[in-house]
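# Observations on chain architecture
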Protein chains: 2
Amino acid sequence: MFNTKSKESSFLLSALTEENRFLKTNDFIHWFNSRETANLFSVEQISFEKLDKWYFEEDSQNLVHASGKFFKVEGIRVHTNFGPFKDWEQPIINQPEIGILGIVTKKVDGIRYFLMQSKMEPGNININQLSPTVQATKSNYTQVHKGKLPAYLEYFLDRSKSTILIDQLQSEQGSRFLRKRNRNMIVEVDEDIQLYDDFQWLTLGQIKRLLSLDNFVNMDTRSVISCIPFINDEMRRGYEYLLSGEPDEIELFDCKLQGFCKDIFTSIIDEKRALHNTDEIISWFTELKTKYYMKVENIPLKAVSGWICTDKEIHHESGQFFSVIAVSVTAGSREVLTWTQPLLKHYSYGLIGFLVKKIHNVLHFLVQGKPEPGNLDVVEMAPTVSCADAAYRMRQSNKPPFLEIFISADPTRIRYYSIQSEEGGRFYHWQNKNMIVEIDDSTLIDIPENYKWMTLNQIMTFKKYNNYLNIEARNILSCLSFI
Amino acid sequence: MFNTKSKESSFLLSALTEENRFLKTNDFIHWFNSRETANLFSVEQISFEKLDKWYFEEDSQNLVHASGKFFKVEGIRVHTNFGPFKDWEQPIINQPEIGILGIVTKKVDGIRYFLMQSKMEPGNININQLSPTVQATKSNYTQVHKGKLPAYLEYFLDRSKSTILIDQLQSEQGSRFLRKRNRNMIVEVDEDIQLYDDFQWLTLGQIKRLLSLDNFVNMDTRSVISCIPFINDEMRRGYEYLLSGEPDEIELFDCKLQGFCKDIFTSIIDEKRALHNTDEIISWFTELKTKYYMKVENIPLKAVSGWICTDKEIHHESGQFFSVIAVSVTAGSREVLTWTQPLLKHYSYGLIGFLVKKIHNVLHFLVQGKPEPGNLDVVEMAPTVSCADAAYRMRQSNKPPFLEIFISADPTRIRYYSIQSEEGGRFYHWQNKNMIVEIDDSTLIDIPENYKWMTLNQIMTFKKYNNYLNIEARNILSCLSFI
């Protein structure tokens, strides 16, 4: 029924395949853990004055690199008409260059494999995490720091060496980055590729399996695989007769999808039973962008009010949110062996969660239209709940909508739960609990104007066009598995 | 074959219908011309110091309104790595508020009619032009200038009074506006509506017919009707068998489409024969946004280098491009009877043109990925050629690509030609020649990296998502007609 020559069906087949002709998942985990000890890697917090090549610029007092490249930590003053907090000041990362997050893929015996990397980052809570083939800032691959070029980069820069399957511009955290975006790429290679020390081939099914582990798969990998489509028009048409019958299970290739896996697949393939059509969602989004503004003004980093600057960190007077720190890193597996850099340190768990519900018998996700100061275009589509400091927000009188439902969710309602880290190259120990909680009509909820029920089919359509789905939403969606 | 209850088929039927039960097209034109004399309207250029409530702000030297609302004329310094001109300074309009361009529609005896307005604007070359039901800036409808509210505005603000058919955020000229966008809306009303003096009901076929006249239909109308979809999935599927047969004509409702009208319809409905698929186009656009930057810095208006500020205008030393002027307006049919305001005056004709070509027997449009300083996201999709000063650019050594093909086009190759004005509320006598020129394989052209052949089906898909199609591209597309 499915044309296995389309890229969508090859992605789907790989997502349904956990059997790896090279390496079983358990053996992979064993190998992965061994990489931790194979490479020297130590991270130490230092005072700002011990930073090498990084300094507080005289006029702006921003934390910058001598080359003018990489990123800057700046201060911003925010004024908005959205939400309970209308005015605040905060540090933020300004990284205007667009980097590459790229995965090389190759078909072996009809199954698509992905070339994944064990990579250490100074902010990782567990040293190494599963990373894309390449994650390179522009400064990185134009060799600002004069190290060697990242391995396999040529497959992303030289069009004659690969076929592009995915190539989308996607945003990162709008609460921490000022309009940062990365190019999320998956490129297919036909030729044989040399396997370097820190790399292995995995199926998408294996990567999805590893996403059930805490802090294993890094944010960049999650961002890239969230862009993968599983369905094209031809597959959708071929499938229509099955859906009309509401089967208890769906057979795909040799897999039987049941329960929540079947619900996910139905929500991806169904185009007819969505509560709102695409034009209605575009109108809703237009209304939000028209109604809400978020004015962002640059201010000197050391002068952000409510934040205290010591010799070792810039932290909020409440002790909440995050702080700016400096670290010194020594590593044996990176392009440069020792370096210092600023990081944003987080203290408590965040919570990122989607409420889901069957409407017209198709799973819908409650999407939030959320303004954040770093968004390019005011509002992006976010999970039902996303807050970097869930415990703190729970103690406040004006809690974010729906947060309580996640905190007090009945375990039988939780469809997905894991702890995932945000990018270890910028964030020190920032962990978010990722949750999907299913409700039915017995849970009565009010839907505020900036929330909308959407099917996965709709969410995946919007995801293709840049600056619709934010990183938190994409991150949870990357964890959805068919097996 | 077509479900006439879908909004798409009702738009299509209206586009195929020039017969109007209320008013024939010729009688409408007669009525329209009579409105010119029915209302007092005079425009006089004045010196900047005679502006009332508008003045050059002391610090910034920008031209601003005392209320801080409406718009500002500012200076910008541009630095880019795109095109032959890497650095320049220019005046630009900053109008951050999102206004409404809205058309009320109603079905009568199964045919959809649009409530259109004869509206005078100070910059119009011919006093009144065919305008949407409502065109209102936020300052307008929040009554900053204390006039009366625009007629019919309630149908756009009060959701209980209408059904939204179209509601999209669309950009305006990125060469003249800093990130300006308007909300383009079409709302359907069931109740009977009182017809005020300057309003008439027209079919979409009549509006399309009027688009063959020079300077008749204003830019805001063109922008709104460019958002209209004619096809949905159901119609596309029902039609597939016909396309496979390559008929000489296509019958829709009672109309026979032949020649270029048939080519347009085929390009809208065909999803299979596009030269590049949507993912390839998104990758191309990602590459352009990654590669090109356009750094825009605010500078004092009176200090823009290369521009000369006199008491009556700010003009370029070459006499080219445009100038900033001030006018005094007296009108009997506007909310406020007399006012003064700045306008951007243009001297010569611009040229906006699409090259089209049949590829795989489906009409493709040569779309340009064009960075402009006012774009929200660096690059938008533009016509093959768009330049505000075609004759001047033809005399230069580095002409824009393809301009020559339009200037010297064989008349038998010209599929559409008309002169259209840009928004008369901001621009004084800015006229663009709008052209569509069809080529075949006998015309050999090189396609630079920032150009891509696309079908109308693809262009209309991108158009729905904000900040893809620029105003110049939407303007020409609005002129495409099936009759």
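We now turn to the structure provided with this report.

Calculation notes
- Residues numbered from 1 in each chain as written.
- Chains lettered and ligands numbered in written order.
- Predicted model: local features only at pLDDT ≥ 70, side-chain atom pairs only at ≥ 80, totals over all residues.
- Heavy atoms only, no water.
- Core = buried A, V, L, I, M, F, W, Y, C linked by side-chain atoms within 4.5 Å.
- Buried < 20%, exposed > 50% of the residue type's maximum accessible area, 1.4 Å probe, protein only.
- Contact = heavy atoms within 4.5 Å.
- Helix = DSSP H or I, 4+ residues; strand = E, 2+ residues; numbered from the N terminus.
- Least-squares fit on C-alpha atoms with pLDDT ≥ 70 in both.
- Salt bridge = Lys/Arg side-chain N within 4 Å of Asp/Glu carboxyl O.
- Pairing = 2+ DSSP bridges.
- Buried area = accessible area lost by both parts, 1.4 Å probe.
- Phe/Tyr/Trp six-rings, centres within 6.5 Å; stacked < 30°, edge-to-face > 60°.

Turning our eyes to something else, we now look at the nonpolar core. With 144 residues, the main nonpolar core has F230 of chain A together with F230 of chain B as its most contacted residues. The residues contacting F230 of chain B, other than those within four sequence positions of it, are E8, F11, L12, A15, L204, K208, M235, I268, M460 and F482 of chain B.

A separate point is unusual backbone geometry. Backbone geometry at K53 of chain A places phi at a positive 70°, although glycine is not the residue there. With respect to the helices, strands and loops of the structure, K53 of chain A is situated in the loop between β1 (41-46) and β2 (54-56). One non-glycine residue, F402 of chain B, lies in positive phi territory at about 75°. For F402 of chain B, a relative accessible area of 10% gives the class buried.

Our focus in this paragraph is the relation of the copies chain A and chain B. One copy of the chain maps onto the second through a rotation about an axis and a displacement along it. Mapping chain A onto chain B is achieved by rotating through 180° and translating by 0.0 Å along the same axis, at an RMSD of 0.0 Å. Taken together, these values place the two copies in the relation of a two-fold axis. The residues that chain A uses at the interface reappear at the interface of chain B in 100% of cases, marking a shared surface.

Once that is clear, we can look at the pattern of salt bridges. By the definition in use, this model includes 58 salt bridges over all chains. Between K53 of chain A and D52 of chain A there is a salt bridge; the shortest N-O distance is 3.6 Å. For D52 of chain A, a relative accessible area of 47% corresponds to the partly exposed category. Across the salt bridge formed by R236 of chain B and D233 of chain B, the nearest N and O atoms sit 2.8 Å from each other. Taken together, the residues span about one helical turn, with R236 of chain B and D233 of chain B both in helix α7 (residues 233-244) at a distance of three residues. Classification of R236 of chain B by relative accessible area gives buried; the value is 10%. What you see here is one network of salt bridges that share partners, running through R159, D167 and R183 of chain A together with E287 of chain B.

This part is about the pairing of strand β26 (residues 431-439) of chain A. All names here are of chain A. For β26, the buried fraction is high: eight of the nine residues fall into the buried class. Of the pairings in the sheet, the one linking strand β20 (residues 350-359) to β26 comprises eight bridges and is parallel in character. Residue V356 lies in a different strand from β26, and its bridge partner there is E438.

Our next topic: the interface of chain A and chain B. Taken together, the contact pairs 34 residues of chain A with 34 residues of chain B. Overall, the association of chain A and chain B removes approximately 2,900 Å² of surface from exposure, summing both partners, and the carbon and sulfur fraction of that is 42%. Where chain A touches chain B, the interface holds eight salt bridges. For D377 of chain B, the salt bridge goes to R181 of chain A, with nearest N and O atoms at 2.5 Å.

For the rest of this paragraph, the subject is the pairing of β20 of chain A. All names here are of chain A. With respect to burial, β20 is a largely interior element, nine of its ten residues being buried. Two elements, β20 and strand β23 (residues 385-387), share three bridges in a ladder whose sense is antiparallel. Note on β23: the bridge partner recorded for I352 is S386. With four bridges connecting them, β20 and strand β21 (residues 362-371) associate as antiparallel partners. Each residue of the ladder has a partner; that of K358, found in β21, is L363. Taking the residues that link successive antiparallel strands as the turn, the β20-β21 hairpin has two residues, and the phi of H360 there is positive, at about 50°.

Next up on the list: the packing of aromatic side chains. Across all of its chains, the model carries 51 aromatic pairs over all chains by this definition. Judged by centre distance (5.2 Å) and plane angle (80°), the ring pair of F48 of chain A and F56 of chain A falls under edge-to-face. Since its relative accessible area comes to 7%, F48 of chain A is described here as buried. Judged by its relative accessible area of 21%, F56 of chain A falls in the partly exposed class. With a centroid separation of 5.5 Å and an interplanar angle of 70°, the aromatic rings of Y239 of chain B and F265 of chain B are classed as edge-to-face. One end of the pair, Y239 of chain B, is in helix α7; the other, F265 of chain B, is in helix α8 (residues 259-269), and 26 residues separate them in sequence.

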